[in-house]
Structures are given as structure tokens and as C-alpha cells.
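Residue-level structural notes
For reference, the chains in residue letters:
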Amino acid sequence: MSPLTLKMAGDEIMDSGFGQILVNLDKLRTLVRQYVDAHQYSSALFWADKVSSLSNGEGQDVYWLAQCMFLTGQYHRASHLIRSKKLDKKNAACRYLAARCHAEVREWQQALHILDKVDLEAQVGPQVRQEDGKDDKLQFDCGIPQHRIESSIALMRGKIFESLDNRDQATESYRTALKLDVYCEEAFQLLVSHHMLTAQEERELVESLPFAKQCPEEEVELVRLLYETKLKKYDKPRELEIPTSLDPLHENLDVVVNQAERNYYNCNFRTAYKITSKVLQQDPYHNTCLPLHIACLTELKKTTELFYLGHKLVDLYPNDPVAWFAVGCYYLTVGGKHDVARRYLTKSTTLNRMFGPAWLAFGHSFAEEAEHDQAMAAYFTAAQLMKGCHLPVLYIGLEYGMTNNLKLAERFFKQALNIAPEDPFVLHEMGVVAFQNGDLDTAEKFFMDALEKVQAIEKEMLTEKWEPLLNNLGHVCRKLGRYEESLTYHQQALVLCPQNPSTMAAIGFVHSLQSQFDLAIDYFHKALGLRRDDTFSVTMLAQTIELYIGEMKPYEGAEELPEKFEGIPLPEYNVADVGDVKLGDVTAELKLEGDGPMMLESWGQDASNSSLDIEVEMEDS
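Identification of the chain as Cell division cycle protein 16 homolog from Branchiostoma belcheri is taken from an unreviewed UniProt entry.

Here Lys-414 is to be found in helix H23 (residues 406–419). Since its relative accessible area comes to 42%, Lys-414 is described here as partly exposed. C-alpha separation for the pair Lys-414 and Leu-427, spaced 13 residues apart in sequence, amounts to 9.5 Å.

With 92 residues, the main nonpolar core has Tyr-264, Ile-294 and Phe-325 as its most contacted residues. In terms of residue count, helix H18 (residues 321–334) provides more of this core than any other element does, 10 residues in total. The residues touching Ile-294, leaving out its near neighbours within four places in the chain, are Leu-306, Leu-309, Leu-313, Val-322, Phe-325, Ala-326 and Cys-329. Within the second largest apolar cluster, 61 residues are counted, among which are Trp-108, Ala-111, Cys-142 and Leu-178.

This brings us to the pattern of salt bridges. Within this structure, the stated rule accounts for 24 salt bridges. Between Glu-58 and Arg-29 there is a salt bridge; the shortest N-O distance is 3.4 Å. Highlighted residues: Glu-58 in the loop between helix H2 (41–54) and helix H3 (59–71) and Arg-29 in helix H1 (residues 25–37), separated in sequence by 29 residues. Put simply, Arg-342 and Asp-339 hold a salt bridge, and the shortest N to O gap is 2.4 Å.

Quick look at the confidence of the model for the chain now. For the chain, the average pLDDT comes to 81, and 80% of its residues sit at 70 or higher. Predicted confidence in the chain is weakest over strand S5 (residues 597–601), with a mean pLDDT of 26, and strongest over helix H4 (residues 75–84), with 95. Considering only residues more than four positions removed or in separate chains, one finds that residues 120–135, a stretch of pLDDT under 50, has 17 contacts. Confidence drops under a pLDDT of 50 for residues 570–621, and excluding neighbours within four residues, the segment shows 272 contacts in the predicted structure.

All right, on to the side chain of Arg-531 then. Within the element layout of this structure, Arg-531 appears in the loop between helix H29 (517–530) and helix H30 (535–551). A distance of 3.5 Å separates polar atoms of two side chains, one belonging to Arg-531 and the other to Ser-502.

This part is about helix H14 (residues 253–265). Helix length check: H14, at 13 residues, gives a terminal C-alpha distance of 18 Å against a target of 18 Å (1.5 Å per residue), a fit within 8%. Of all 13 residues in H14, 11 are buried, a share of seventy percent or more. The distance from a side-chain oxygen at the start of H14 to the backbone nitrogen of Asp-254 is 3.0 Å, and the residue carrying that oxygen is Asn-252. Where H14 terminates, the next one or two residues include Cys-267, which has phi positive at roughly 65 degrees.

Under the counting rule described, the total for this entry stands at 20 aromatic pairs. An angle of 70 degrees between the planes, with centres 5.7 Å apart, marks the rings of Tyr-285 and Tyr-317 as edge-to-face. Here Tyr-285, found in the loop between helix H15 (269–282) and helix H16 (289–299), pairs with Tyr-317, found in the loop between helix H17 (303–316) and H18; they are 32 residues apart in sequence, far enough to count as distant. Residue classification places Tyr-285 among the partly exposed positions, given a relative accessible area of 34%. Through pairs of rings, three or more aromatic residues link up here, namely Phe-307, Trp-324, Tyr-330, Tyr-331 and Tyr-344. One residue, Arg-342, lies across the ring of Phe-366, its end atom 4.2 Å from the ring centre. Over the aromatic face of Phe-446 sits the side chain of Lys-445, whose NZ or CZ is 5.9 Å from the ring centroid.

UniProt feature "repeat: TPR" (unreviewed entry): in the numbering of this structure it lies at residues 467–500 and 501–534. Each end of residues 467–500 is marked by a C-alpha atom, and these two atoms are 10 Å apart; helix forms 79% of the span and strand 0%. Structurally, residues 501–534 is divided into 79% helix and 0% strand, and its ends, taken at the C-alpha atoms, are 8 Å apart.

It is worth spelling out the packing of helix H28 (residues 501–513) against H30 at this point. In the contact formed by H28 and H30, the axes pass within 11 Å of each other and the chain directions differ by 25 degrees. When the axes of H28 and H30 are compared, the pair comes out roughly parallel. Here the hand of the crossing between H28 and H30 comes out left-handed. The segment H28 lies against H30, with Ala-505, Phe-509 and Ser-512 engaging Phe-536, Ser-537, Met-540 and Thr-544. When its residues are assigned to classes, the contact of H28 with H30 shows 4 nonpolar, 3 polar and no charged.

Phi at His-39 is positive, roughly 65 degrees, even though this residue is not glycine. Mapping His-39 onto the fold places it in the loop between H1 and H2. Residue classification places His-39 among the exposed positions, given a relative accessible area of 57%. Phi angles above zero are rare outside glycine, and Ala-370 is one such case at about 60 degrees.

Right, let's get into the packing of H15 against H16. One can describe the packing of H15 onto H16 by two numbers: an axis separation of 9 Å at closest approach and a directional angle of 140 degrees. The orientation of H15 with respect to H16, classified from their angle, is oblique. Our pair here, H15 against H16, has a crossing hand that is left-handed. In this structure, H15 contributes Phe-269, Ala-272, Tyr-273, Thr-276, Ser-277, Val-279 and Leu-280 to the contact, and H16 contributes Cys-289, Leu-290, Leu-292, His-293, Cys-296, Leu-297 and Glu-299. Across the contact of H15 with H16, the residue classes tally to 10 nonpolar, 3 polar and 1 charged.

Rules behind the numbers
- Residues numbered from 1 in each chain as written.
- Predicted model: local features only at pLDDT ≥ 70, side-chain atom pairs only at ≥ 80, totals over all residues.
- Heavy atoms only, no water.
- Helix = DSSP H or I, 4+ residues; strand = E, 2+ residues; numbered from the N terminus.
- Buried < 20%, exposed > 50% of the residue type's maximum accessible area, 1.4 Å probe, protein only.
- Core = buried A, V, L, I, M, F, W, Y, C linked by side-chain atoms within 4.5 Å.
- Contact = heavy atoms within 4.5 Å.
- Salt bridge = Lys/Arg side-chain N within 4 Å of Asp/Glu carboxyl O.
- pLDDT = per-residue confidence, 0-100.
- Polar contact = N/O pair within 3.5 Å; in protein donor to acceptor, adjacent residues only side chain to side chain.
- Expected span 1.5 Å × (residues − 1).
- Phe/Tyr/Trp six-rings, centres within 6.5 Å; stacked < 30°, edge-to-face > 60°.
- Lys NZ or Arg CZ within 6 Å of the ring centre and 35° of its normal.
- UniProt positions renumbered as here; feature names shortened; annotations may be inferred.
- Axes fitted to C-alpha atoms, helices over the stretch in contact; angles between N-to-C directions.
- Parallel < 35°, antiparallel > 145°, perpendicular 65-115°, else oblique.
- Left-handed = near helix turned anticlockwise from the far one by under 90°.
- Nonpolar A, V, L, I, M, F, W, Y, C, P; charged D, E, K, R; others polar.

Quick look at the structure:
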């Protein structure tokens, strides 16, 4: 006997050997989604397959079946299912999913071919498509708004183009994704973290986004603020101001990390380290905080903590480039193990070729060994990947400067200045180039501009990273004959780095020019006490002692010495300096040339982002 049944919407009648059975497909579809939410993908796949068969392959059921295949790692199977039903030509969500399957297995050209079947820019709004009766596109509710699907397609295009080294197309695709959906933070994050735009272009992009059209009125300020916190932080650094209505965001870890990054690019490494340490106490594996924390550990030479963190990350996340980056930075920090550091940094760049900090650290490892060609090769690669960041071109200029190719060095410094016109590191290096070219007035202007930027950032006291800037100002003032002003800058530098023999020698040199030989001898002795093999201090000490003896009276009350016993005139010394700036560090060398090669030098090293940088950054950023 076959009972009389009433077929309702979402139900399917099955004819078994015992009669007709009423199946509620909507309930089964809900079951599939519940298992997906519970991360039971095998169970979801089982029931999605049965629902697809019961509905005779309805579009939405095929889509969810392919979705479950994707979640279980069956990428080719999911793509084949969608394409065999020709759903990739009829529905945007299915086309995106099919392309995503091929992207997961790095089949970039195949994924791009699927997306290119329908030009994103030629698509019209969903309401127009629904009104067009001749439209053969398959419409069903996949739980995602149409504009968000189109934004996801644009985002996928950007990732594919970036993997194919087509950075310009990738940038445009990310821009399109953001304009289609201003909530698509991933597109904005990729643009910022991969330094695809300059600081000015980032600000212009934020201003051009249609917040008012796509966001409720109460969310416009929130979304705009969150994006502004991600903008480059080494260009005109300033404190973040959060409106009172959004005050709880002060405790948000992402916002706190952005503040730490701002401190890092301002060379306030200890404050940045304290902030990142607190963040990692709450979230030990915060993916945005970890690279910045590694950079702080590298700057502060905390090798023990860096060793522990690197090996813990390698054990937990062996396929994460940040883990191997941490190990590489450890071997850079301990010194003398640059080959080992490069081995691990190569592993990091292999896992993620777009990881800029690893390329910068790779270049630093060669620069520390004076391997200028290899260092520049790494920096050029970083410059291609981080077109919106001034740090790679700044380092390229430094390497050219170290090889005495001043014209090319100046060319790259100017390029860095165009990208980050307010960055004090770039201004400092432009001053060094002007000094080497004999343009003392221009050099003083660049140095003073850099000092003003630094003082605006660090209102209380300068950090030791800016000691070479103060010393360079002292050298310029000495060359201009302003000895008292020169002494002031050198003494300020000595406050930042009390045990720097170069500063001691510079102060002694100025005192000798002022005929204050007793003070000069004292400072030269202090310099030699810190560095015995300082040729400049040895030579100047000998000459200054001769001059001092020549002016001394043989005994108290004696008449002045005859002319033949007068002191030997002090020879004139010319100064030429070579700049050397690392990420988050100002470093300079000043060579004093007289009867022989004599050098005043100060050095520094860093292997982070960017950066972090940073940078670059940057650090950028």
C-alpha cells in the first residue's frame, strides 16, 4: 500500500520497495552546514553527497558538496565536480571555489584561466541580472552576498598575479577587491604588509574607499580608524588617537601591535619589546606580533630568548617562514655564523618568497662580511617585492657608498627620499653624501632636518641609535670652524654612547684645534683606553703631546722659549665620511685623512622587517 503524501518545498519523495518516503532536504542541508561549523568535514561531505543525489544535482547542493571536498583537501575532485556541471560558467561562487582549488595546489595559470572566463569589471549589479529574463546564470543562496563574492574573486586574482610576479596587476586587483567590499581587510593587509604602495598612495586609497555607501553610519568611523592604524609607520610617526566611543580598542591586540611597530620604527626598541612581550603573554602565537618581536630581540641582542623562541616556532610551525626567520636572526645576532644564518633565511624565503624581512636579513648577512655584490642582489630582490618601501633602495645606496660609488649611492638615496621624504634615516644619508661631495652647507641642512624629525619623535631623550647623527653634525661644524658648537654635538653623542672611542677621539681633535692640548691629550688617552689600535688617536696623541711640550715652560717663572723650540704646527686634516644605515639603525664612518689613514667609526647591525620593516619598513614599512 502506498500512502498518500503531500510534497512540500524542500522535500523530496523517494520510492523504495516499501513505498514512498518523504525526505526533508532542507533539514539535511542544515545538517551539512552544522557539520561544517563543527569542523566535522567528513560527515559533512557524506551528507552533502547524499543531498546532491536526492536533489538531482541542484546548483546549491553541488556547490556545498564541492565546498566539503575542498575542506577535506580534495581540491582536484572539487574543481572537477564544478566544471563537469559547468557551474563555473553560470555562478560566481562556484567559479571562485573552482579557482581556489587550483590555487591551493599552486596551479596558478589554471586558476587564472577559470577566473578569466567572466570579466569581473564587465559584470553588472545583481538586481540588473535578476531583471534580465535572458540571463542564463544560475542563482542560489550560498550565504554570501554577491558583491562579496566578486570581491573574493578580485582578491584571488591579486594573489595569483602576485605569485606570478605580476605586481602591478596584483596591486590593481587588491584595489578592486577593496572597492567592491570595504570590509575585505585581507586585500588591504596584503597591500600594506607587502609594501605594494607608497605611504602617500596608502593614504589616498583609504580616502577613496566608499565607506559611506557600504557601511552603516555607526561603522564608518570604526572601519576607517582600523585601516589608518595599519598605514606606514616610519613616515611622519605620530601617536594614535582613538575616539572615546571606540576606547575599548586600546586593549585590542592588533591595535597594540601597531603601536609597538610605531615605537620600533622610531628606534624605541625597549618600549616596543615591552609591548610585544605583553601581547605574546596573552597570545603567544600572534602572527603579526611575532616578526616584530623577533626584530626587537635582534636589536636588543637578547640571544637566549631569541634562541628559545626560534626553536619553539620551528617545532610547532615548521612550514611557517617566520619560524625559520627567527632562527636566521639568532645566528646573525651571535656573530660569526653568517653562513648558518643564510641557510635558515633561505628556508624562510623558500616557504614564502614575498616575505620581505627575510630578504633584508639575507642582504645584511652579506653586508656584514663586506660581500657587497651579494648583499645588493638580495636588496634588489627585496626592492622588487617591496616597491612601496624605501628600505631596500636605501640599503642598495649604502652598499654603493661602501664601494665608493657615490653617484649611484646618491641616486638610490634620492629614490628612497622620494618614497619616504620625512624619514630621518634617509635624510641622514643624504647629508653624508653631501658631506662627501664637499657641500657642507647642504650636509648640515640634511643633518639638522633629520635631527628635528628625531626630536619630534622622541620628545624626552634620543636613543643611542642617533649617536652617529650627532657626531656627524659635530664633524660638519668643525669643518665650518664652529668648534664650540661641534663640541656640543660630540658631547651629546657621548651621553648616548659613553664608551664610544670614536666620539672621544673627535672631542680630542676639536680641543687640539682650539689649542687646548691638555684636554685633547686626556680625550685621546680615553679613546685609546677603549680601543688600543685606534690609529687616528695614536697619531694625534703623539702630535698633540709634541705641541703641548712645545708650549710648556721648562719650569715655573721661566721666560718664553726661543723660537727654535716652539711647537710644531698642527697639520690640517680633511674629513670624508661614509654612511652605513641598517634597518632601524643609523651608522656612519668618518675618515680623517692627514699623514696617513685615520678613521673615526661607529657601527650597528640589524636583521629584521619590517618592518619591519619593518620595515621598513620599512621599518617600511
